[in-house]
Amino acid sequence: MSTHRNPIRIHLGRSGLGASLTLALGLLAGTASADSSPIKIGWLSSLTGPLSSAAIAENQGVQFAVNEINKAGGINGRKIELITRDTAGDPTKAVNFAQQLVLSEKVDFVIGPVNSGESLATVPILARAGVPNIIIGTVDELTDPQKYPRAFRAIATNEQWISSANSYAIKTLKRSKVAIIGDTTGYGTSSAKKAEALLADAGIKPVYSVLIDANKTDLTDEMTKARAAGADVVMPWSAATGLLARVLNARGNMQWDVPVVGHPAIMGLPIKDLLNKPDYWEKTYAAGYASTTYGPDGKLPEATSALMEKMRPEFGGTINFTFWWVTLGYDTVKIIEHAVKTAGSTDKAAVQKALENTQGLKGSYADYSWGPNQRNGFPDASIVINRANTFKDGSFEAAPH
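Every chain is numbered independently, its residues counted from 1 as its sequence is written. In keeping with the model being predicted, local features are shown solely for residues with a pLDDT of at least 70 and side-chain atom pairs are shown and tallied solely at 80 or more, while totals for entire chains, interfaces and linings include all residues. In computing side-chain values, all of the structure's heavy atoms are included and hydrogens and water are not.

Draft legend 1. Inspection of the overall build of the protein at higher detail. Here a helix means four or more residues in a row that DSSP labels H or I, a strand means two or more in a row labelled E, and each is numbered from the N terminus. If you tally the helices and strands in the protein, you get 12 helices and 15 strands. Going through the 401 residues of the protein one by one, you find that 50% of them count as buried. Only the protein chains shown count as cover for residues, with accessible areas throughout obtained via the Shrake-Rupley method and a probe of 1.4 Å. Here the protein displays about 17900 Å² of accessible surface, and carbon together with sulfur accounts for 54% of that area. Only protein chains enter the area calculation, which uses a 1.4 Å probe; residues under 20% of their type maximum are buried, those over 50% are exposed, and those in between are partly exposed.

Here's what the structure looks like:
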């Protein structure tokens, strides 16, 4: 009898309080382990190659935010592990790294890639894996709540850039005879097409439109044709700094006093050294951001100034690059922090729901709002037209109205 009862008593004990204690301790240990594990963020960034200038600045913001959060104890007690991969601007490398981050590193989030051409290749991969992706490419096709439910955009869209530039040219400058210049890359082609479509919505048909190889050294022929067509505003949609500088040089050499309104890159500092004369930058305007635009009082918005002062020692006191790239990089990490805190975990479905319910999240680059059917978080009101050649401390003056 005793040999029969002992196993029964042991069995009852293990299925009762003992089992409960064992299970509870196991769950607590598992929870503690999960709560202390790092939050792994993959960062696809073109830190080298021809498209690296924006990525390098964004990377400073990303790394600063990660270090700042980790020094403060992490997110819900979990430190961030940043896993950076340099795509060099190559979509094939971006695809390979995206697969590596998902399959080998098992990341919780991915930021990037920086460039839209790379993102077009990686977004479907990350969507299939269900990994939340903070989008920082501008091409409109990168977000779709049905196809890519966990891809949330932080940057302004290409359409927002073009719409704001069109509005400035038509409503403020009172111009209607538009010459559109794009380049032959996928981005340049799609942007020129979008610009024409948005002008058509306003009842305007360009008097001249052309796609140019970004490496073409002399644009005199194209600019001469634009002037002969009667253009009263030139609108270049290209991110190629060299091509944009050659547009301005051709205009200046022809002594053609026509305003140029277009892509943010046309006011970037790299343009300066490529101009034949400094005054060729006059009457040039570009889509920019309220966050890095000086107000009538000569000051930047409070959030921008606060971040700038925190980071100024990192730059040796001088900010000689476009600061909005830094604010964007910083905000991508802060968006992830917000999502994890709101969701209470890195559970992918919970993170998606947290971001879908986010309204008016205050950032340095912008204040963000997403929704169940909205994956573009940047508000129209935060787009500002800047005047080129007004760069100071990483920021610009507003264009005249």
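And the narrative resumes.
Draft legend 2. Broad picture of the sheet that holds strand β4 (residues 133–135). When DSSP finds two or more bridges between two strands, those strands count as paired. Across the sheet, 5 strands lie side by side as β2-β1-β3-β4-β5; this open sheet has parallel pairing. Two strands lie at the open edges of the sheet, namely β2 (80–86) and β5 (151–153), each paired on one side alone. Adjacent strand axes in the sheet meet at a mean angle of 25° when their direction is disregarded. Sheet topology places strand β3 (residues 109–111) next to β4; 2 bridges connect them, and they run parallel. Within the sheet, the bridge partner assigned to V110 lies in β4 and is N133. Relative to the sheet, helix α4 (residues 91–103) contacts β1 (39–45), β2 and β3, its axis offset from that of β1 by approximately 175°. We call two residues in contact whenever any of their non-hydrogen atoms come within 4.5 Å of each other. Every angle, taken between N-to-C directions, lies between 0 and 180 degrees, and every axis is a line fitted to C-alpha atoms, over only the stretch in contact when it is a helix. Across the sheet, helix α11 (residues 323–343) lies against β1, β2, β3 and β4, angled at about 160° from β3, the strand it touches most.

Draft legend 3. The pairing of strand β10 (residues 284–289), seen in detail. The buried fraction of β10 is high, at 6 of 6 residues. Side chains T284, A286 and G288 of β10 all project onto a buried face; the interleaved residues Y285, A287 and Y289 project onto the opposite face, where all are buried too. Pairing of strand β9 (residues 260–262) with β10, which is carried by 3 bridges, proceeds in the parallel orientation. Note that in β10 the partner of G262 across the bridge is A286.

Draft legend 4. How the structure looks around unusual backbone geometry. In this chain, G112 is followed by P113 through a cis amide linkage whose omega measures 5°. Even without glycine at this site, Q255 takes up a positive phi of about 55°. Relative to the helices and strands, Q255 is located in the loop between α9 (241–253) and β9.

Draft legend 5. Inspection of the packing of α4 against helix α5 (residues 116–129) at higher detail. Where α4 meets α5, the closest approach of the two axes is 8 Å, and the angle between their N-to-C directions is 20°. Between α4 and α5, the angle falls in the class roughly parallel. α5 is crossed by α4, and the crossing has right-handed handedness. Every residue of α5 that contacts α4 at P91, A94, V95, A98, Q99 and V102 is listed here: G117, E118, A121, T122, I125, L126 and A129. Its residues placed into classes, the contact of α4 with α5 shows 9 nonpolar, 3 polar and 1 charged. If an angle is under 35 degrees, it is roughly parallel; if it is over 145, roughly antiparallel; if it lies from 65 to 115, roughly perpendicular; otherwise it is oblique. Crossing handedness: left-handed means the near helix sits turned counterclockwise from the far one by under a right angle, and right-handed means the same turn made clockwise. Each residue gets one label: Ala, Val, Leu, Ile, Met, Phe, Trp, Tyr, Cys and Pro are nonpolar, Asp, Glu, Lys and Arg are charged, and the others, such as Gly, are polar.

Draft legend 6. Structural view of the nonpolar core. Residues W161 and Y365 are the most contacted members of the largest nonpolar core, which totals 78 residues. If one sorts the elements of this core by residue count, α11 sits on top with 11 residues. If you look at the next biggest cluster of nonpolar residues, it comprises 30 residues, including L248, A265, I271 and A388. Residues grouped as a nonpolar core are buried Ala, Val, Leu, Ile, Met, Phe, Trp, Tyr and Cys residues, joined through side-chain atoms within 4.5 Å.

Draft legend 7. Summary view of the pattern of salt bridges. A pairing counts as a salt bridge when a side-chain nitrogen of Lys or Arg comes within 4 Å of a carboxyl oxygen of Asp or Glu. By the definition in use, this model includes 14 salt bridges. Here K194 makes a salt bridge to E159, at a shortest N to O gap of 3.4 Å. Of this pair, K194 sits in helix α7 (residues 186–201) while E159 sits in helix α6 (residues 158–172), placing them 35 residues apart in sequence. The exposure class assigned to K194 is partly exposed, which follows from its relative accessible area of 24%. For E222, the salt bridge identified is with K216, shortest N-O distance 2.5 Å. Relative accessible area serves as the criterion here: at 7%, E222 is assigned to the buried category. In this structure, a network of salt bridges that share partners links the residues K40, R85 and E105.

Draft legend 8. Representation of the side chain of E337. Along the chain, the position of E337 falls in helix α11. Taking relative accessible area as the criterion, E337 reaches 12% and is therefore assigned buried. For E337, the side chain forms a polar contact with the side chain of K334, separated by 2.8 Å. Residue contacts for E337: discarding those within four places in its chain leaves I69 and I75. What qualifies as a polar contact is a pair of N or O atoms within 3.5 Å, subject to a donor-acceptor requirement within protein and to the restriction that residues adjacent in sequence count only when both atoms come from side chains.

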